[in-house]
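# Close look at the chain arrangement
What follows is each chain in one-letter form.
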Amino acid sequence: MTAADGPTHAAIGLSDAEVAERVAAGKVNVTDDASSRSVWEILRANTFTLFNAMLGVAFVLVLATGRWQDGLFGFVLVLNTAIGVVTEYRAKRTLDNLAILDAPTARVHRAGGLREVPVAEIVLDDVIELGTGDQVPVDGVVLTSRGLEANESPLTGESRSVRKGTDDEVLSGSSIVAGSATVRANRVGADSYAQKITAAARRYSLASSELQGAIRSILRVVSWIIVPMALLLGLSQVRALGGWAEVTSTGTWREAVVQAVAGVVGMIPDGLVLLVSINFALAAVVLARQNVLVQELPAVEILARVDALCLDKTGTITDGAVACDEVVALASDGRRAPEVPHAAWLAIAGIASDPEANATAGALSGAVPAHVRAPRVTERVPFSSERKWSALAIDDGDAAGAWVLGAPEFVLAERDDDVASGALETAASLATTGSRVVLLARTDTLPQVDTGVGRVAPVALAVLAEHVRDDAAQTLAFFRDQDVELHVVSGDNPETVGAIATKVELLGPGEGVAGTDARSLPEGVEELAGLLEDAPVLGRVTPEQKVSIVEALQHAGHTVAMTGDGVNDALAIKTADLGIAMGNGARATKAVSRLVLLDGRFSVLPGVLAQGRRVIANMERVANFFLVKTAYSTVLALVTILAAFALPIGYPFLPRQLTLVSALTIGIPRVPPVAAAEQPALRAGVPAARARLRDPGRGALRGGSAHRVPRGAGERGGGDGPHARDVRHDRARDGGRRPGHG
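The model shown is predicted, which means the values in this text are computed figures rather than measured ones.

If you trace the seven strands from one edge of the open sheet to the other, you get 11-10-16-15-14-13-12, paired in antiparallel fashion. Edge strands, defined here as strands with exactly one partner in the open sheet, are strand 11 (336-337) and strand 12 (377-381). For strand 10 (residues 318-330) and strand 11, the ladder comprises two bridges, and the chain directions are antiparallel. For Ala329, the partnering residue across the bridge sits in strand 11 and is Ala337.

Below, the structure is given as structure tokens:
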């Protein structure tokens, strides 16, 4: 589609009548742009459970008898549901409030004037003005470009800005980093690129907690025997009270019902379910103080079991900003010189002082020494994506004259002299690290657009690269020490991704890592899982491939966490066992994640892992007590039933008694105070056997497949560093390998 295909009102925009016509036809930019899970999803996840169904039926039966005091166990049901709903609703409110502060608007041409309207009121064919700092609200085609550069990393992962000219397409979700443009909307609402990506990510799913999964397995077993057991126990109590005629005439059937309920309620590990919820909620409170938002309570536990961590590069390892790593001076032969001349610093300061500076010029400003002040600039030639250079004229000090900044191969085009060859070779050597290199050169007269730069003298090379988060290397080292497999999956150039991975020592100090082009990846899960063992860094990864990578790791037996901030990460974050979104990420990505790092600090993840380990260790210690109670209640109920054939006896306990005994002797003493929850390291005096999660088949709370808890952290301190004592599974049986790794 070209600009000529649009409405005839391209210059002034749509008329009010045309806007009304499109609104009536539903061609409006209304999207499902929720910033968090809905209230219904939160209620559904915490209310419609097998545990609530079993305990709820028993509670209704007790209330039907009028013996409300024996319905004390109903408080467990209500409290367990309330903890989950309230905690997750608070997380929802936090994200929603952040979204309100970021409510976007757009400038559109309508009826011959420029208006500011909410993004949701943009209609198809609206003519929109975009400027530096704006987020693109809809897919559109550029009518007029004035040096427009778009950052599409949230959509594609490509870290470098993309220059847009007339008839080029801009995508919703990208942002403008330089220049401005007039754009016509050609796809709005659910038809836009970003919405198509996020639509699949909004499907409903729950976090997979092994603790809760093991409890559900226990409850499923109990549910098969509880109905016949309740009927038989009820019949035995009727017989003990004198038979059907007696209980119906005297009303003692109520006692029979209550005693039958007491027998089956004792078989339900209600205290264990409640204690898991309380532990999760306390951990969520502690993490909230570290600006980690827990959207689903089981997420606290899952990170402690993660053994494969997939990281997006842009916005996770890097903060998305472009920084100038160094400025290299060039000698008269184009080779490296020891010191950057003062005139070059003045020229760089002049370039960075441009009020309409692009991302490159902005990055250079950070490299200028503090004592250097911007010179007086008399004229500028703006950057062009076709020319690949910009220029300026300075009338100030030893920098007086004309300067050119641009891609070395374009500024020195058609030159084969020794100076140009030396400069190009130096630039090529600097670019091997995955950085972008631009050349600063001096010339006698200001170049003109139609004449080219002419013959210039190379003065310096500026090395530009994405700014790596200060805490990235240390945090990755922590996970590497915990035997967590690290995978970088990015839509950026493989060489650039590999260079960043090497810089943060992904595989260890001094270990170089090469990026693999994801376009060559196999589609089969088995083949992909095998390739990932030898290809920890992938570039040019599509959103669909990120999902495939997560699924391949899961197929290999891993518990996978995925971090990211862009729309292109949303699908993979939803698919992973634990999705982690950065606080400055896209709304859709935060809405489908399990954890949100509100301040974007990667270094808080070790603290989250430690909280999960504390929860696991605490629950492992207390689980046996509750299960012994369940087993004891089952045996007692069987004895009562069998005794009915010889000497009928009444069930010896009432529901209220069992609830109080369970709460006062097991549950409440095992609830850690918040102060204790803030000390995630396990006590040094606790025997190692109690601090280690048991293997499947040997532990009380192990169910399903084998999931490793990476080796832990009793050796180091608390805070944001490595934290808890080693709570690994004993992997001696399989030589330390997980199932599926051969």
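Pairing in this open sheet of eight strands is mixed, and the strands run 8-22-21-20-9-17-19-18 from one edge to the other. Taken across any chain shown, the strands that pair with only one partner, and hence form the sheet edges, are strand 8 (292-294) and strand 18 (516-517). One ladder, built from three bridges, connects strand 8 with strand 22 (residues 595-597); its direction is antiparallel. For Val294, the partnering residue across the bridge sits in strand 22 and is Leu595.

For the rest of this paragraph, the subject is the pairing of strand 20 (residues 560-564). Residues in a regular strand point their side chains to alternate faces of the sheet. Taken across its five residues, strand 20 has five buried, putting it largely inside the fold. In strand 20, alternate side chains face the same way, and those of Val560, Met562 and Gly564 on one face and Ala561 and Thr563 on the other are all buried. Here four bridges tie strand 9 (residues 308-311) to strand 20, and the two strands are oriented parallel to one another. Bridging from a neighbouring strand, Ala308 pairs with Val560 of strand 20.

Turning our attention to empty space enclosed by the protein. Within this structure, the stated rule accounts for one cavity of 30 Å³ or more. For the largest cavity, the calculated volume is near 40 Å³. Around the largest cavity sit Val327, Ile348, Ile351, Leu364, Leu405, Leu440, Ala460, Leu461 and Ala462, which together line it. Those elements that provide at least two residues to the lining of the largest cavity are helix 12 (342-352) and strand 16 (457-468). A total of three residues in the lining of the largest cavity trace back to one element, the largest contributor, which is strand 16. Classifying every residue of the lining of the largest cavity gives nine nonpolar, no polar and no charged.

This part is about helix 10 (residues 270-288). With 19 residues, helix 10 ought to run about 27 Å at 1.5 Å a step, and its terminal C-alpha atoms sit 27 Å apart, in line with that. When you tally the buried positions in helix 10, you get 17 out of 19 residues, the bulk of the element.

On to the confidence of the model for the chain. Looking at the chain as a whole, the pLDDT averages 78, with 82% of positions reaching at least 70. Ranking the elements of the chain by mean pLDDT puts helix 25 (residues 688-691) last with 32 and strand 17 (residues 485-489) first with 93. Ignoring residues within four places in sequence, the model shows residues 1-10, a span with pLDDT below 50, making 19 contacts including any to other chains.

Another point: helix 16 (residues 472-481). Three or more residues of helix 16 are buried, namely Ala472, Thr475, Leu476, Phe478 and Phe479. Around the axis of helix 16, the buried residues are gathered within 150 degrees of arc, so they sit on the same side. The inward-facing, buried residues of helix 16 abut strand 9, strand 16, strand 17 and helix 22 (605-643).

Rules used throughout
Along each chain, residues carry numbers from 1 onward, in the same order as the chain's sequence is written. Note on the predicted model: pLDDT of at least 70 is required for a residue's local features to be given, and 80 or more for side-chain atom pairs to be given and counted; whole-chain, interface and lining totals, by contrast, use all residues. Based on all heavy atoms of the structure, the side-chain values leave hydrogens and waters out of the count. The criterion for strand pairing is that DSSP finds at least two bridges linking the strands in question. Secondary structure elements follow DSSP: runs of H or I no shorter than four residues count as helices, runs of E no shorter than two count as strands, and numbering proceeds from the N terminus. Think of it in three bands: residues with accessible area under 20% of the maximum for their type are buried, residues over 50% are exposed, and the middle band is partly exposed, with areas taken using a 1.4 Å probe on protein chains only. The way it works is a 1 Å grid over only the protein atoms, where trapped points that fit a 1.4 Å probe form a cavity and open points with protein on both sides within 12 Å along at least five of seven lines form a pocket, and then any residue with an atom within 4 Å of a point lines it. Grid points are joined across faces, edges and corners, and a volume is the space filled by probe spheres set on the points. The classification used treats Ala, Val, Leu, Ile, Met, Phe, Trp, Tyr, Cys and Pro as nonpolar, Asp, Glu, Lys and Arg as charged, and all other residues, Gly among them, as polar. To estimate the expected span of a helix, subtract one from its residue number and multiply by 1.5 Å. One number per residue, pLDDT, summarises how confident the predictor is, and it ranges from 0 to 100. The contact criterion used is simple: two residues touch if any of their non-hydrogen atoms lie within 4.5 Å. Working note: the arc is built from the helix axis to C-beta atom directions.

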